[in-house]
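Chain by chain, the residues run as shown.
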Amino acid sequence: MSSTFPTATIVGYPRIGPRRELKKAVESYWAGRTSAAELETAAAELRASSYARLTKLGLEAGNYSIPASFSLYDQVLDTAVTFGAVSDRFKDLYDADGSLGLDAYFTLARGDSERQPLEMTKWFDTNYHYLVPEIGPDTAFSLANDWILRDVREAAEAGYTVRPTLIGPVTFLLLSKAADEAPAGFNPLSRLDDLLPLYLELLGKLAEAGVEWVQLEEPALVADQAVPESEVAAAVERAYAVLAAEAQNRPAILVTSQYGSLGSLLPVLAGTAIDALHIDVFKGSVPAASELARLGETTLVAGVVDGHNIWKADLGVAAQKLTLLEGTVKNLAVSTSTSLQHVPLDVEDEQQLDAQLRSWLAFADQKVVEVVTLARAIGNPGAIDADIAAAAEVLASRAGAPGVNRAEVRARTSALSPSDFTRGDYAVRLAAQEEALKLPALPTTTIGSFPQTSEVRSARARANRGDLTAEQYRQLMQDEIRRVIDLQEELGFDVLVHGEPERNDMVQYFAENLDGFDVTVHGWVQSYGSRCTRPSILWGDVSRPEPITVPWTQFAQSLTDKPVKGMLTGPVTILAWSFVRDDLPLGETANQVALALRDEVTDLEAAGIRVIQVDEPALRELLPLRREDQAEYLEWSVNSFKLSTASAAPATQVHTHLCYSEFGAIIDAIDGLDADVTSIEAARSRMEVVHDLEAHGFRRGVGPGVYDIHSPRVPGQDEVAELLEKAVQHVPARQLWVNPDCGLKTRGYTETEESLRNLVNATVSVRSQLEAPVS
Ligand SMILES: Nc1nc2c(c(=O)[nH]1)N[C@@H](CNc1ccc(C(=O)N[C@@H](CCC(=O)N[C@@H](CCC(=O)N[C@@H](CCC(=O)O)C(=O)O)C(=O)O)C(=O)O)cc1)CN2
Ligand code: MET
Ligand SMILES: [Zn+2]
């Protein structure tokens, strides 16, 4: 328990593999093409090759600098199965010996024909999504899964002493939700004392297996919680008094606190008997000596290298922070601010990028080297002066590069006035839209994308390789659009979409068509489970060289008399899901993107498009984790959305769409977007959001989702009708729209058609009840 902490480490490392090997292995297991043993082998190979890479980059194999941060699906789910933290509706998944195995694990993640999976939601302010554990007053915790032990043994056999990682008990309970069986008002945090003995038991087993360091992640401590801070502080004190008790047979404990500052919880944690404390000093500031005074022998692990963006570090600034801390604490180590799971693996995989741009970037592997470099400076001032100078040159090259600061783009944003951000009166718009669109009660629509078939993806891959001409590719996409329009006509939808087949991703597609961005070829980052994105790189001033979506949308509209919804991704979401420049305030970059989109709105209207949706699923994602910072963010983010849409004529119906979050907290902001219709995710949380809408007195059109598109499960017609009936009880029927939770791109056609048919039929039946006289 007294082993010293390594001077260089990282919080976590990407686990999907350099070519998304994990996605392929997991999906082929799900499809029944490979066995469980084959999946285990593929996963073991990924773990082994990560350790080998990290060692090559300079982390030592034998000193616990390498975290065992692998997961087959999600790190929160891993902790839930480790401690048997599953609610009654999943009780049958236990094996006879009391364990939760591979298939139980995936059922929790994906559901099955009888039940919904665990809810999925945003992981702090990132585009990663975790599964929300369900805990009740009687959830019987037990050590139900020992993958964590297997991983350390497997690593030891290959010659690596890795540091097992778990979500810490306070964060785990704060991120959990009350199980269905729990009484109203039940708070999972009240189960802390029942959970701690299981952590202790596991720590004992890890110690027995020879493990000297374990990582307990407590990022929830950097975010304001619904629970009062005093209660969180008490839970932290209690948890670590128990887990870090001296008498215990346990590994040394590192607690991590990524994604921001611990604030008043820093002295609380520093005063516990834990052995190392990681703090985020990239996003958070360097704490004052007084806040660190209680650390004593506890190692401070300074997260100075940004784990969440891809710019090369300013090593001079990082080294200064370390110097400050060296003067304050006894034992200091260097780390990333967050897990590197949020960035791609290796810049060297992107040889197609402009060489100057590439020279500005650091992906996961480059960041490991930055950490190792900075660690050399501890106790050794001057040791990295050459590296610091080289980093400064990189920054200078960025500042002066063409495209980074374009006068015509800056002139346009600085000329903006308040009237550019506002549309006319809603009542006037509503009347004009009713006249123009003549929609029935409870209009039906979808969120935009239809299933991305392997034919569509393969056509795009062939076009990218040059095996299809641009014209052949366009033809194939138009064929797909025609099929999607025909299907919606046949199913009886009221407002149609073109299906987005031409988009690899709703953000990347726009980035590819706007100036100021570049995209990667292999820069995949996990979003949830097996789903990945290649976040674009927003490095310069943004403008639109030519219309982007107009020809596709116009083609779709030419095939039908029903209105086709134009489909754009909003400015906040484009920023949230890209790697953004750090040399301009985000609000100003957002306005540049908004103006490009505004031009697209104008062109869509001119092409005869009467309904335009501007998606902002990431509006909630960028919400600062501290309440005191939220108002400022909401101001610029809402304004940038309004800037992108405010030029629309009163008769043009502006929709927006949000998903993946709890909306209660930002319902004022959603209202502030001033969209005519807002579709939101609701099915997976069984329409809970209608209570927020009712309490708020939401006046505009709203489509709470009635079909959870995150699982292959088909909702029955009765189930959809029930959700609609619930919605009608809380929101006036004339405001309600009927739609799925989100786009359909991840689904297959068979289940989609069946689900959409049930959705339309349920709507028809609920509509007829609305029209029936009240009895
Ligand atoms: N950026 C972003 N963030 C988001 C979302 C989103 O849609 N986009 N949605 C929310 C949930 N997150 C999601 C993230 C990813 C996906 C998703 O579907 N990702 C796809 C990849 C999408 C993509 O980029 N597709 C490309 C590349 C497809 C591909 O894999 N091609 C094959 C080749 C295929 C062939 O030859 O047939 C290959 O490269 O190996 C394309 O269509 O062009 C996946 O993981 O499978 C869905 C939801 C929140 N965050
Ligand atoms: C993650 S939100 C997705 C919205 C997009 N229009 C789609 O349907 O796929
Ligand atoms: Zn969505």
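This is a predicted model, so every value here is computed, not measured.

Visitor: How do you make sense of the site of ligand 2 when you look at a structure like this?
Guide: Around ligand 2 sit I447, G448, S449, M506, M567, D615, P617, H657, C659, C742, G743 and K745, and that is every residue in its neighbourhood. Across the shell around ligand 2, the residue classes break down as six nonpolar, four polar and two charged.

Visitor: Where do I start with the site of ligand 1 in this structure?
Guide: Contacts to ligand 1 come from 21 residues, most closely from S458, A461, N504, S527 and T533. Within the residue set of the shell around ligand 1, elements represented by two or more residues are helix 17 (454–465), strand 13 (525–528) and strand 14 (531–533). Among the elements that line the shell around ligand 1, the one with the most residues is helix 17, at five residues. Looking at the shell around ligand 1, its residues break down into eight nonpolar, eight polar and five charged.

Visitor: Just checking my understanding: could you explain the pairing of strand 8 (residues 252–257) for this structure?
Guide: On a regular strand, one side chain projects to one face of the sheet and the next to the other, so that they alternate. Most of strand 8 sits inside the fold, with six of its six residues counted as buried. Side chains A252, L254 and T256 of strand 8 all project onto a buried face; the interleaved residues I253, V255 and S257 project onto the opposite face, where all are buried too. Two elements, strand 8 and strand 9 (residues 276–280), share four bridges in a ladder whose sense is parallel. Counterpart to V255 in the pairing with strand 9 is L277. Remark: the strand 8/helix 9 (residues 265–270)/strand 9 crossover connection has right-handed handedness.

Visitor: Help me out: how do you make sense of the UniProt feature "binding site: Zn(2+) 1" (unreviewed entry) in the protein chain in this one?
Guide: Per the UniProt entry, the sites bearing "binding site: Zn(2+) 1" (unreviewed entry) are H657, C659, E681 and C742 in this numbering. The annotated residues occupy 86 residues of the chain but converge on a single region, no pair of C-alpha atoms lying more than 8.5 Å apart. Inspection of the secondary structure assignment puts C659 in the loop between strand 19 (653–658) and helix 24 (667–672). The buried category is assigned to C659, around which 24 C-beta atoms lie within 10 Å. Beyond its immediate stretch of four places on either side in the chain, C659 contacts P617, I680, E681, D741 and C742. Within the secondary structure, C742 is located in the loop between helix 26 (717–730) and helix 27 (749–771). Overall, the presence of 28 C-beta atoms within 10 Å leaves C742 in the buried class. Residues contacting C742, with those up to four places away along its chain left out, are I447, C659, E681, G705 and I709.

Visitor: Help me out: how do you make sense of the sheet that holds strand 21 (residues 701–704) in this one?
Guide: Working definition: the strands of a sheet are paired by backbone hydrogen bonds and lie parallel or antiparallel to each other. One open sheet holds the five strands; their spatial order is 16-18-19-20-21, and the pairing between them is parallel. Both outer strands of the open sheet, strand 16 (565–569) and strand 21, are each paired with one neighbouring strand and no more. Strand-to-strand twist of the sheet, defined as the mean angle between neighbouring strand axes without regard to direction, takes the value 20°. In the sheet, strand 16 pairs with strand 18 (residues 611–615) via five bridges, with the strands oriented parallel. Bridge assignment links M567 to a residue of strand 18, and that residue is Q613.

Visitor: How do you make sense of the domain arrangement of the protein chain when you look at a structure like this?
Guide: Reports of interface size often rely on the accessible area that becomes lost once the parts have come together. Domain annotation of the protein chain identifies domain 1 (21–400) and domain 2 (427–769). On a C-alpha basis, the centroid separation for the pair domain 1 and domain 2 is 32 Å. Of all the secondary-structure elements, those providing two or more residues to the side of domain 1 that touches domain 2 are helix 1 (21–30), helix 4 (102–110), strand 2 (120–122) and helix 14 (385–400). Here the residues of the side of domain 1 that touches domain 2 sort into 17 nonpolar, 11 polar and 12 charged.

Visitor: What is the right way to read the UniProt feature "domain: Cobalamin-independent methionine synthase MetE N-terminal" (unreviewed entry) in the protein chain from this model?
Guide: UniProt feature "domain: Cobalamin-independent methionine synthase MetE N-terminal" (unreviewed entry): in the numbering of this structure it lies at residues 8–327. This span, residues 8–327, is 38% helix and 12% strand, and a straight line between its end C-alpha atoms measures 18 Å.

Visitor: Help me out: how do you make sense of helix 13 (residues 364–376) in this one?
Guide: Side chains three or four residues apart in an α-helix point the same way, a direct result of the helix having 3.6 residues per turn. Taking 1.5 Å as the rise per residue, helix 13 with 13 residues should run 18 Å; its terminal C-alpha atoms sit 19 Å apart, in good agreement. With 10 of 13 residues buried, helix 13 is to be regarded as a mostly interior element. The elements touched by buried residues of helix 13 are helix 2 (36–57), strand 10 (299–305), helix 11 (315–326), strand 11 (332–336) and helix 14.

Visitor: Looking at this structure, how should I read the packing of helix 7 (residues 192–208) against helix 8 (residues 229–243)?
Guide: Relative placement of two packed helices is described by the angle separating their axes and the distance separating the axes. Interaxial distance between helix 7 and helix 8 falls to 10 Å at its minimum, and their mutual angle equals 30°. For the crossing formed where helix 7 meets helix 8, the hand is right-handed. Counted together, L192, L196, Y199, L200 and L203 of helix 7 and A235, R238, A239, V242 and L243 of helix 8 form the full contact between these two elements.

Visitor: Just to check I follow, could you spell out the sheet that holds strand 9 for this structure?
Guide: Spatially, seven strands are ordered 1-5-7-8-9-10-11 in an open sheet, and the strand pairing comes out parallel. Each edge of the open sheet is held by one strand with a lone partner, namely strand 1 (67–68) and strand 11. Its contacts with the sheet put helix 13 on strand 10 and strand 11, and the angle it makes with strand 11 is roughly 165°.

Visitor: Sorry, what's going on with the nonpolar core here?
Guide: As a rule of thumb, soluble globular proteins bury nonpolar side chains together. L322 and L374 are the most contacted members of the largest nonpolar core, which totals 227 residues. The two domains that each donate at least three residues to this core are domain 1 (21–400) and domain 2 (427–769). With residues up to four places along the chain from it excluded, the contact list for L322 reads A302, V304, L332, V334, L374, A377 and I378.

Visitor: Where do I start with unusual backbone geometry in this structure?
Guide: Working note: non-glycine residues mostly have negative phi, and peptide bonds are mostly trans. Located in the positive-phi region is F124, a residue other than glycine, with phi close to 50°. Take F124: it is sitting in the loop between strand 2 and strand 3 (129–131). The class for F124 is partly exposed, based on 19 C-beta atoms found within 10 Å. In the Ramachandran plot, D674 falls in the positive-phi region, its phi being about 65° despite a non-glycine side chain. Overall, the presence of 19 C-beta atoms within 10 Å leaves D674 in the partly exposed class.

Visitor: How do you make sense of the environment of V714 when you look at a structure like this?
Guide: Position of V714 among the secondary structure elements: in the loop between strand 21 and helix 26. Overall, V714 belongs to the partly exposed group, with 19 C-beta atoms counted inside 10 Å. Between the C-alpha atoms of V714 and S49, which are 665 residues apart in sequence, the distance is 39 Å. With sequence-adjacent residues up to four places away left out, V714 is seen in contact with E751, E754, S755 and N758.

Criteria and thresholds
Residues numbered from 1 in each chain as written. Chains lettered and ligands numbered in written order. Predicted model: local features only at pLDDT ≥ 70, side-chain atom pairs only at ≥ 80, totals over all residues. Near = placed C-beta within 6 Å. Nonpolar A, V, L, I, M, F, W, Y, C, P; charged D, E, K, R; others polar. Helix = DSSP H or I, 4+ residues; strand = E, 2+ residues; numbered from the N terminus. Buried ≥ 20, exposed ≤ 12 C-beta atoms within 10 Å, placed from the backbone. Pairing = 2+ DSSP bridges. Right-handed = clockwise from strand over helix to strand, strands pointing away. UniProt positions renumbered as here; feature names shortened; annotations may be inferred. Contact = placed C-beta atoms within 7 Å. Axes fitted to C-alpha atoms, helices over the stretch in contact; angles between N-to-C directions. Domains from an automatic or database assignment. Expected span 1.5 Å × (residues − 1). Left-handed = near helix turned anticlockwise from the far one by under 90°. Core = buried A, V, L, I, M, F, W, Y, C linked by C-beta atoms within 7 Å.

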